[in-house]
Amino acid sequence: MKILNVNQLRECDQFTIKNKPIFSINLMEKAASESCQWLLKNANPSDDFIIFCGNGNNGGDGLALARLLAQNNRKVKVVVNYGKKFSKDAVTNLQRIPETVPIIDASDFTRGIIRNSTVIVDAIFGIGLNKNIGQPWENVITEINNLSNRVVSLDLPSGLSPDGDKDSSIHVKANDTLSFHFYKKTFFHSETGINCGRIHVLDVDLSATYINEVVVSSFVADDAEVKRIYKARPEFSHKGHFGKAVVVGGSYGKTGAILLAGRVCARVGAGLTFISAPECAYSASLMQVPEAMFEFAGAREIEAINVIEDGEYGIGPGFGRTETARLALENFLRGHSRPILLDADALTLFSSHFNLLSWVPKDSILTPHPKEFDRLFGASPNSFARLELAKEMAKKHQLNIVLKDHHTQIVLHTGEVYYNVTGNSGLAKGGSGDVLTGIITSLLAQKYSPKEAAIFGVWIHGKAADLALKGQSKESLLASDVIESVGKVFNYLSK
Ligand SMILES: NC(=O)C1=CN([C@@H]2O[C@H](COP(=O)(O)OP(=O)(O)OC[C@H]3O[C@@H](n4cnc5c(N)ncnc54)[C@H](O)[C@@H]3O)[C@@H](O)[C@H]2O)[C@@H](O)CC1
Ligand SMILES: Nc1ncnc2c1ncn2[C@@H]1O[C@H](COP(=O)(O)OP(=O)(O)O)[C@@H](O)[C@H]1O
Ligand SMILES: [K+]
């Protein structure tokens, strides 16, 4: 799914109004009606509502919503700012408010009118926010954030900007955000996403023509995208059809990392899996991943990486950071020309020997967590800036960078970014990254392109963690549970 920037979101509204055609007031009615349906379904039957409505079209949505809730016999109050002119459609909806709905001026608002059962609806600002929020809304937002009531924001929490670049210092903290038609970039970054709560995208019938034609560089890796990538496993086949995956790493004390990578590699469907590791991992490898072949790579640390003909390589879990390991990596890179995956220690080795990067085959995949990325390319003040730097570095070095995060960003050297929406905080544990390495390497072996392997692999990883929660909690989830759930992911895909 495409992610539009603020100008494109506006353009999409205007295009829809002109070409569908539809009156803007009816588009607003659709947004309000979808929001009303959502609230009727998701709020408790005994809940009442207070809707804070700004003076623009987001406020207009809120005013239309108040009328619809009242028509559904729900108790509702609205709070508006009479001190400022309303937009044309907001005025129309203000005039349509039935007499039974109390209207309170924002400067008279006190928290006393809010009961425990009141759901707060935030329709103060949407995508039109253009500066810091002034009074009376600053006081109101501070009060809202101090209350423990459920807060539902329309389109996005007031005070945040869709692209994350013009946020007000004060903003609403929502439990749920009802976003109209699209995901917004701000939902996916930790600094701002934390204020958006659960995201629900409501279909408001915007122009399909505009959406098909608009050129964007950011996407959500949703189910539809992943189903386009997934190739079902043909029955008339043999192991030679599914490639050779080689995972390399596992120094003394870190052998678990490479075993996790190897085990999941086999689970994801590689025809042959090789674990290239030091001798100290040998017997554990035989016991824990008997399906994999063991490739001797040193005694207690990686000393040399054997070349396996036609093998697709994932290098890094528990690789070690010694000079011997670095030399082994350098020698391997000098002789290898197909895209590989580099993770963990293998990436950290580049931080002190940046010139190594020039030996990495074009179109390879790097999978750093934020600290590894900062070590490699320099620190960034926040995740938005880190993403911009990743785009620059991906293009410069012709590499794909998987920026691992709650919503991992797959940054392609072509300039496109895919945000992942699977996964949960159960993955915030040692071992999770090793599993991701094994998954992507297995996909590379099965001839998915590096772009497909990165997007699909990150999605599988998160989806397996989500499905594994059925028998575990976020606290108890282990990397091994994620591996055991991979089968459920493919069953989900082939349904
Ligand atoms: N017809 C349409 O285009 C549709 C628009 N929709 C809604 O319209 C919203 C966008 O509406 P608008 O463009 O009117 O924008 P907003 O409603 O987000 O806010 C703009 C208004 O707030 C003022 N304002 C902006 N920043 C401010 C600040 N920091 N302090 C004080 N006042 C500030 C502006 O001067 C303007 O009056 C969307 O987010 C969505 O909720 C939906 O109804 C769907 C259809
Ligand atoms: N809170 C979270 N929500 C979703 N995914 C997460 C979360 N925390 C970690 N992850 C995922 O888990 C993996 C962790 O990788 P990494 O930090 O390299 O772990 P390790 O090297 O310890 O195995 C990444 O894929 C990351 O996106
Ligand atoms: K809002």
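It should be emphasised that the depicted structure is a prediction, and the values quoted were computed from it without experimental measurement.

Here the focus is the pattern of salt bridges. Tallied over the full model, the rule gives 22 salt bridges. Between lysine 451 and glutamate 416 there is a salt bridge, with the nearest N and O atoms lying 3.5 Å from each other. One end of the pair, lysine 451, is in helix α16 (residues 450–468); the other, glutamate 416, is in the loop between β17 (409–411) and β18 (417–420), and 35 residues separate them in sequence. For lysine 451, a relative accessible area of 33% corresponds to the partly exposed category. Several salt bridges converge on common partners, so that one network encompasses Glu323, Arg326, Glu330 and Arg334.

This paragraph deals with the site of ligand 1. Within the structure, ligand 1 sits among 23 residues, and Asn57, Asp61, Gly126, Lys131 and Asp155 are positioned closest to it. Backbone polar atom of asparagine 57 to an oxygen atom of ligand 1: 2.8 Å apart, as the coordinates give it. Backbone polar atom of glycine 128 to an oxygen atom of ligand 1: 2.9 Å apart, as the coordinates give it. Protein chains bury 86% of the 870 Å² of accessible surface belonging to ligand 1 in isolation. Elements that contribute at least two residues to the shell around ligand 1 include exactly α1 (6–19), α2 (24–42) and α3 (57–71). Residue composition of the shell around ligand 1, by class: eight nonpolar, nine polar and six charged.

Of all residues adjacent to ligand 2, which total 18 residues, the nearest are Lys404, Asp405, His406, Gly431 and Gly433. Asparagine 424 has a polar backbone atom sitting 3.3 Å from a nitrogen atom of ligand 2. Contact distances for ligand 2 include 3.4 Å between an oxygen atom and a backbone N or O atom of leucine 427. Within the complex, the protein chains bury 79% of what would otherwise be the 580 Å² of accessible surface of ligand 2. No other element matches helix α15 (residues 432–445), which puts four residues into the shell around ligand 2. When grouped by side-chain class, the residues that make up the shell around ligand 2 number three nonpolar, 11 polar and four charged.

The next thing to look at is the UniProt feature "binding site: AMP" (unreviewed entry) in the protein chain. Mapped onto this numbering, the UniProt entry gives "binding site: AMP" (unreviewed entry) at Lys404, Asp405, His406, His407, Thr408 and Gly433. The named residues occupy 30 residues along the chain; their greatest pairwise C-alpha distance, 14.0 Å, places them in one compact cluster. Structurally, the position occupied by histidine 407 is in the loop between β16 (400–403) and β17. When its relative accessible area of 8% is taken as the criterion, threonine 408 is described as buried. Sequence-distant contacts of threonine 408, that is, excluding residues within four places in its chain, are made with Val402, Leu403, Tyr418, Tyr419, Asn420 and Val458. Only 3.0 Å separates the side chain of threonine 408 from the backbone oxygen of aspartate 405, close enough to count as a polar contact.

Within the first shell, the potassium ion (ligand 3) binds the protein through Asn58 (OD1), Asp122 (O), Phe125 (O), Leu154 (O), Leu156 (O) and Ser158 (OG), at distances of 2.7 to 3.1 Å. Classification of the site at the potassium ion (ligand 3) rests on its six donor atoms, whose angles at the metal span 66 to 176°, yielding the label irregular. Counting residues between consecutive donors of the potassium ion (ligand 3) along the chain gives the motif N-x63-D-x2-F-x28-L-x1-L-x1-S. A residue pair is termed long-range when its members are at least 10 positions apart, and aspartate 122 in strand β5 (residues 118–123) and leucine 154 in strand β6 (residues 151–154) qualify at 32 residues. The class for aspartate 122 is buried, based on a relative accessible area of 0%. Among the residues examined, leucine 154 registers a relative accessible area of 1% and is labelled buried.

Cut-offs applied
Residues numbered from 1 in each chain as written. Chains lettered and ligands numbered in written order. Predicted model: local features only at pLDDT ≥ 70, side-chain atom pairs only at ≥ 80, totals over all residues. Heavy atoms only, no water. Salt bridge = Lys/Arg side-chain N within 4 Å of Asp/Glu carboxyl O. Helix = DSSP H or I, 4+ residues; strand = E, 2+ residues; numbered from the N terminus. Buried < 20%, exposed > 50% of the residue type's maximum accessible area, 1.4 Å probe, protein only. Near = heavy atom within 4 Å. Polar contact = N/O pair within 3.5 Å; in protein donor to acceptor, adjacent residues only side chain to side chain. Areas by Shrake-Rupley, 256 points an atom, 1.4 Å probe, with all protein chains shown as cover. Nonpolar A, V, L, I, M, F, W, Y, C, P; charged D, E, K, R; others polar. UniProt positions renumbered as here; feature names shortened; annotations may be inferred. Contact = heavy atoms within 4.5 Å. Donors = N, O, S within 2.8 Å, 3.2 Å for Na, K, Ca; no water. Tetrahedral: all angles 85-135°; square planar, octahedral: opposite > 155°, others 65-115°.

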